[in-house]
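Examination of the molecular architecture
Here is how the chains run, residue by residue.
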Amino acid sequence: MIFGFFISTTLYRLLRPFIFLFDSEAAHTYFVSIGHWLGKHPRLRGWLKHLWLVENPILSQTIAGVNFINPVGLAAGFDYEAQLTDILPSIGFGFGTVGTITNEPSEGNPKPRLGRLIESRSLLVNKGFKNRGLDALIQEHQTSHFAIPIGLSIGKTNSKESATQTEAVSDIVKSFTKSEKANLPFAYYELNISCPNLYGKIEFYSPTHLRELLTAITNLKLKKPVFIKMPISETNEAIRAMLEVISQFPVAGVIFGNLQKDRSNPAFKSEEMKTAGPGNFSGKPTQQRSDELIKLAYKYTNGKLIIIGCGGIFSAEDAYKKIRAGASLVQLITGLVYKGPQLTAQINFGLVGFLKRDGFNNLAEAVGQDAIGPELEKDRDRCYDQLK
């Protein structure tokens, strides 16, 4: 397997300069179509699975009633038309999220919607929930069966018709209602409240607005667990306020986090920022804040909420840091673009080594080890008391 990693990594390093000559969105569309095609051919899936799937019981977990063979998932925002559900298991993923899908179709924001900041190891993202709409997804996947847990990311339709708070809540509720009625084969829902690239001034960060949305969703009595995609742009105080509201509802967990809005982040190379267009940023510039908020959330809720770590994962070390900070699962996109499709297998292989090195019998034992230490016990108890 290590030899396979070496060959795959070397090949991608040779191909990447050529790939990066093409427009980012055109390259993305092309590789998604390749992944969709590969997923339709069982023999090719089997060959890739033999090459890249790391299977070890130390990585497996059952979370919110869902079985995950490993903790590495594809984040929402890559497979936003649900084309890669068949190929993800064969390239080493333990789960994946499609979307974000909205009630009505959306063309997304004006082009360019994607860009690369190569020196900053980041992607400029301004898609604006480009997708075919929930009705098209239902028609395509109502009878599908997935080999690994696949989640459905739901957000508000990016249009003037859902540009007020009341309309946005109604639009999101319609999506959940349609999905439940269709009994789609998704293992969990992701509620995306943190995309910074949408029309209007809708926000679900204030406790009042967040409570209104979660009350409406809770009234639906959803059959699948819900994870909330969180921002990284808010202050610690604001995040704690959001977590306090979330903890009052039957929410399985939170995802930290979404895109970086702060263009002064030290992870950016200044020369690249001078030519960056509209949008916000993934990858390395999200890493530090994601790690901080994972640890904050784990401490604040005393592990009550499941945390999925997302942002700036380029190696097994990056993933393990998020796990030890409090994440039970991790997600990535940008790392695949810069490192290649073998990255998922490399991360899982590395995680097995780290867990054994540190004396853990399973991954769950490592979760939150760096968030709660003797010096933090008093702070943890104080935070937990506030949630009671």
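Up top you'll find the structure we're talking about.
Now for a description of the structure that goes with this document.

About the cut-offs
Residues numbered from 1 in each chain as written. Predicted model: local features only at pLDDT ≥ 70, side-chain atom pairs only at ≥ 80, totals over all residues. Heavy atoms only, no water. Phe/Tyr/Trp six-rings, centres within 6.5 Å; stacked < 30°, edge-to-face > 60°. Lys NZ or Arg CZ within 6 Å of the ring centre and 35° of its normal. Buried < 20%, exposed > 50% of the residue type's maximum accessible area, 1.4 Å probe, protein only. Helix = DSSP H or I, 4+ residues; strand = E, 2+ residues; numbered from the N terminus. Pairing = 2+ DSSP bridges. Right-handed = clockwise from strand over helix to strand, strands pointing away. Salt bridge = Lys/Arg side-chain N within 4 Å of Asp/Glu carboxyl O. Polar contact = N/O pair within 3.5 Å; in protein donor to acceptor, adjacent residues only side chain to side chain. Axes fitted to C-alpha atoms, helices over the stretch in contact; angles between N-to-C directions. Parallel < 35°, antiparallel > 145°, perpendicular 65-115°, else oblique. Left-handed = near helix turned anticlockwise from the far one by under 90°. Contact = heavy atoms within 4.5 Å. Nonpolar A, V, L, I, M, F, W, Y, C, P; charged D, E, K, R; others polar.

1. What to know about the packing of aromatic side chains
Across all of its chains, the model carries 11 aromatic pairs by this definition. Feature note: the residues Phe 68, Phe 95, Tyr 188 and Phe 227 constitute an aromatic cluster, connected by ring pairs. Above the plane of the ring of Phe 314 lies Arg 121, whose end atom (NZ or CZ) is 4.5 Å from the centre.

2. Regarding the pairing of strand S13 (residues 329-332)
Alternating positions in S13 separate into two faces, Leu 329 and Gln 331 on one and Val 330 and Leu 332 on the other, with burial throughout. Note that strand S3 (residues 72-74) and S13 share three bridges and pair parallel. Across the sheet, the residue bridging to Gly 73 is Gln 331, located in S13. As paired elements, strand S12 (residues 306-310) and S13 share three bridges and run parallel to each other. Looking across to S13, one finds that Gly 309 is bridged to Val 330. What joins S12 to S13 is helix H10 (residues 316-325), and the crossover it makes is right-handed.

3. Re the pattern of salt bridges
Counted according to the given criterion, the structure contains 14 salt bridges. Linking Asp 86 and Lys 40 is a salt bridge whose minimum nitrogen-to-oxygen distance equals 3.1 Å. Here Lys 40 lies in the loop between helix H2 (24-39) and helix H3 (42-52) and Asp 86 lies in the loop between S3 and strand S4 (95-101), a separation of 46 residues in the sequence. Take Asp 86: its relative accessible area is 27%, and that puts it in the partly exposed class. Take Lys 40: its relative accessible area is 48%, and that puts it in the partly exposed class.

4. Considerations on the side chain of Thr 97
Topologically, Thr 97 is positioned in strand S4. Under the relative-accessibility criterion, Thr 97 is labelled buried at 1%. Among the polar contacts made by the side chain of Thr 97, one reaches the side chain of Tyr 188 at a distance of 2.7 Å. In terms of polar contacts, Thr 97 uses its side chain to reach the side chain of Gln 331, at 3.4 Å.

5. Observations regarding the packing of helix H4 (residues 134-141) against helix H5 (residues 165-182)
The axes of two packed helices give the description: the angle between them and the distance between them. The N-to-C vectors of H4 and H5 enclose an angle of 15°; their axes lie 10 Å apart at closest approach. Judged by the inter-axis angle, H4 sits roughly parallel to H5. The two elements H4 and H5 cross, and the hand of that crossing is right-handed. Facing Leu 134, Asp 135 and Ile 138 of H4, the residues of H5 in contact are Ser 175, Lys 178, Ser 179 and Ala 182. Per-class residue counts for the contact of H4 with H5 are three nonpolar, two polar and two charged.

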